[in-house]
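# Geometric and topological summary
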Amino acid sequence: MNSHATVSVVIPTIGRPSLAGAVDSALAQSIDVFEIVVVADTTEPLALPDDDRIRVVRTGPGSGGANARQCGIQHATGDIIALLDDDDLWHPYKLERQLAEVSGADSGRWVVTCKCAVREPGHREKIWPRTLIGEHQSVADYLFTLRRFTLGDAMLQSSTLCFPRELAFQVPLNYAPESIHDEPGWLMELQRTVPDLIIKHVPECFSIYNVSENSVSRQSADVSEKYIEWGREHLRGATARVRGDYFLFSAVTAAASAQSLGGIRKSVASGFSEGRPGLPAMVYAAAKFGRTAIRQVRAHAH
């Protein structure tokens, strides 16, 4: 990597109050940040710190996170892109440590990530992921194979990702704008397009991932059918274990979050008919079905 490379931070926002904190954490980096491109997926005014490095680009409203990130990258002028969501935060040494990790890379074909602190109201803070992805490991295998009976084993959260800007022109982040898996889908397509892609995983925690009741990560409606369709389309070339685990974990989670027993049943049926799930995924799906059934019984009792 060029030691004189410039970094552009791209922050998509829907105008949440947490935006100013996210921008402040980017401005507070131990290395110079060339620019911060705030992509407003809203027409509302934004409250931002006063700094000449901040530029605002407007898109949408309602264009979605993947389109907003790609729009920001197209307007960015730095050599390296670092993504940051508007409700997340960075440790001051995040970028310095990540760029040191890829300092020996002799090409622009790398992505670097790190661990993050997952904060959710009412829950104990967790440091995820427990397992790091290998430099050339399949993203689908890493993310969607359930190897333990607990969560948090694998994670590539958007606010941890840093990569050469040119990669986002080879494979745009919004190559599948309606995708339910923005960054995983992009990384999987990037691996297919750039076979010698290296993924570096810094083992320390340098990012804070805030999960709130208003988080766009949450879904109240049953969207498990979209997860099933995504798995069928994008995991065709994956192993039977990956496909089976995906349906019994990701699709089941989507159904369970909407308390849909029908969605859980369909997700499980897809996992067994189109894959070969492992024991941890089977136990997870069974537990989700049981909890959802109990909730429904209690709801009807009242």
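Right above here is the structure, for reference.
Every value quoted in this text rests on a predicted model; they were computed, and no experiment measured them. Each chain carries its own residue numbering, running from 1 in the written order of its sequence. A pLDDT threshold of at least 70 governs which residues receive local features in this predicted model, and a stricter bar of 80 or more applies before side-chain atom pairs are shown or counted, although totals over entire chains, interfaces and linings include all residues. Each side-chain value is derived from all of the structure's non-hydrogen atoms; neither hydrogens nor water enter the calculation.

Turning our attention to the overall build of the protein. Strands here are runs of E lasting at least two residues and helices are runs of H or I lasting at least four, both read from the DSSP assignment and numbered beginning at the N terminus. Counting secondary structure elements, the protein contains ten helices and nine strands. Considering only C-alpha atoms, the protein reaches an extent of 60 × 45 × 35 Å along its principal axes. Counting over 302 residues, the protein shows a buried share of 49%. Only the protein chains shown count as cover for residues, and all accessible areas are computed by the Shrake-Rupley method using a 1.4 Å probe. Counting every atom, the protein has about 13900 Å² of accessible surface; 52% of that belongs to carbon and sulfur. The charge count treats Lys and Arg as positive and Asp and Glu as negative. His and the chain ends do not count. Lysine's charge is taken at NZ, arginine's at CZ, aspartate's at CG and glutamate's at CD. Seen as two clouds, the 31 positive and the 35 negative side-chain charges of the protein have centres 10 Å apart. A simple rule labels every residue: compare its accessible area, found with a 1.4 Å probe on the protein chains alone, to the largest value its type can have, and call it buried under 20%, exposed over 50%, or partly exposed in between.

The side chains of a regular strand alternate between both faces of the sheet. Of the two faces of strand β4 (residues 80–83), the one holding Ile 80 and Ala 82 and the one holding Ile 81 and Leu 83 are both buried throughout. With four bridges connecting them, strand β1 (residues 7–13) and β4 associate as parallel partners. Within β4, the position partnered with Val 10 by the bridge is Leu 83. Inspection of the sheet shows β4 paired to strand β8 (residues 162–164) by three bridges, in the antiparallel sense. Paired with Ala 82 across the strands is Cys 162, a residue of β8. Strand pairing requires that DSSP identify at least two bridges connecting the strands.

The pairing of strand β5 (residues 89–90) with strand β9 (residues 198–210) spans two bridges and is antiparallel. Bridged to Leu 89 within β9 is Ile 208.

By convention a nonpolar core is built from buried Ala, Val, Leu, Ile, Met, Phe, Trp, Tyr and Cys residues, the set being connected through side-chain atoms within 4.5 Å. With 51 residues, the main nonpolar core has Val 111, Val 139, Phe 144, Phe 163, Leu 190 and Leu 235 as its most contacted residues. No other element matches helix α8 (residues 240–257), which puts nine residues into this core. Residue contacts follow a heavy-atom distance rule, with two residues in contact if any of their heavy atoms lie within 4.5 Å. Contact partners of Val 111, with chain neighbours within four places excluded, come to Leu 161, Cys 162, Phe 163, Leu 167, Leu 187, Leu 190, Leu 197, Ile 198, Ile 199 and Lys 200. Counting 26 residues, the second-largest nonpolar core is a separate cluster that includes Ile 11, Ala 22, Ala 82 and Cys 162.

Another aspect to go through is helix α7 (residues 224–234). Turning to α7, its buried residues number three or more, namely Ser 224, Tyr 227, Ile 228, Trp 230, Gly 231 and His 234. An end-on view of α7 places all buried positions within 165° of arc, on one side of the element. As used here, the arc is the angular range of directions from the helix axis to the C-beta atoms.

The next point concerns the pattern of salt bridges. Any two side chains of opposite charge can pair if their charged atoms end up close together. Every case where a carboxyl oxygen of Asp or Glu lies within 4 Å of a side-chain nitrogen of Lys or Arg is listed as a salt bridge. For the structure shown, the criterion picks out 18 salt bridges. Across the pair Glu 125 and Arg 119 runs a salt bridge whose closest N-O atoms are separated by 2.5 Å. Judged by its relative accessible area of 37%, Glu 125 is partly exposed. Here the residues in one salt-bridge network are Arg 69, Asp 85, Asp 182 and Glu 183, joined through shared partners.

Look at helix α6 (residues 182–193): 16 Å from first C-alpha to last across twelve residues, which is about the 16 Å you get at 1.5 Å a residue. Taken together, the buried positions of α6 are Glu 183, Pro 184, Gly 185, Trp 186, Leu 187, Met 188, Leu 190 and Gln 191. Multiply 1.5 Å by the residue count of a helix minus one, and that product is the helix's expected span.

Orientation is described by axes fitted as lines to C-alpha atoms, over the contacting stretch for helices, and by angles from 0 to 180 degrees between their N-to-C directions. Two elements in contact, α8 and helix α10 (residues 279–301), have axes separated by 9 Å at closest approach and are oriented at 20°. Comparing their axes, α10 and α8 come out roughly parallel. When the axes of α8 and α10 are compared, the crossing they make is left-handed. Residues Arg 241, Asp 245, Leu 248, Phe 249, Val 252, Thr 253 and Ala 256 of α8 form the contact with α10, whose own contacting residues are Pro 280, Ala 281, Met 282, Tyr 284, Ala 285, Lys 288 and Thr 292. Classes in brief: Ala, Val, Leu, Ile, Met, Phe, Trp, Tyr, Cys and Pro nonpolar; Asp, Glu, Lys and Arg charged; the others, Gly included, polar. Across the contact of α8 with α10, the residue classes break down as nine nonpolar, two polar and three charged. Throughout this description, any angle smaller than 35 degrees is read as roughly parallel, any larger than 145 degrees as roughly antiparallel, any in the 65 to 115 degree range as roughly perpendicular, and the remainder as oblique. Should the near helix be turned counterclockwise from the far one by less than a right angle, the crossing is left-handed, whereas a clockwise turn marks it as right-handed.

What follows deals with the packing of aromatic side chains. Aromatic pairing here means that ring centres of Phe, Tyr or Trp (its six-membered ring) are within 6.5 Å. Orientation follows from the plane angle: under 30 degrees is stacked, over 60 is edge-to-face, and everything else is tilted. Scanning the model with the defined rule gives six aromatic pairs in all. Considering the side-chain rings of Trp 230 and Tyr 246, the 5.5 Å spacing of their centres and the 40° angle between planes classify their relative orientation as tilted. A residue pair is termed long-range when its members are at least 10 positions apart, and Trp 230 in helix α7 and Tyr 246 in helix α8 qualify at 16 residues. The class for Trp 230 is buried, based on a relative accessible area of 5%. On the basis of relative accessibility, which here comes to 0%, the residue Tyr 246 falls in the buried class. Taking the centre distance of 4.8 Å and the plane angle of 55° together, the rings of Phe 249 and Tyr 284 count as tilted. Of this pair, Phe 249 sits in helix α8 while Tyr 284 sits in helix α10; the two residues are 35 residues apart in sequence, bridging distant segments of the chain. Taking relative accessible area as the criterion, Phe 249 reaches 22% and is therefore assigned partly exposed. Ring pairs connect the aromatic residues Phe 144, Trp 230, Tyr 246 and Phe 247, which therefore count as one cluster. Directly above the aromatic system of Trp 128 lies the positively charged group of Lys 126, at a separation of 5.5 Å from the ring centroid. We call a charge positioned above a ring when the Lys NZ or Arg CZ atom is no farther than 6 Å from the ring centre and deviates by at most 35 degrees from the ring normal.

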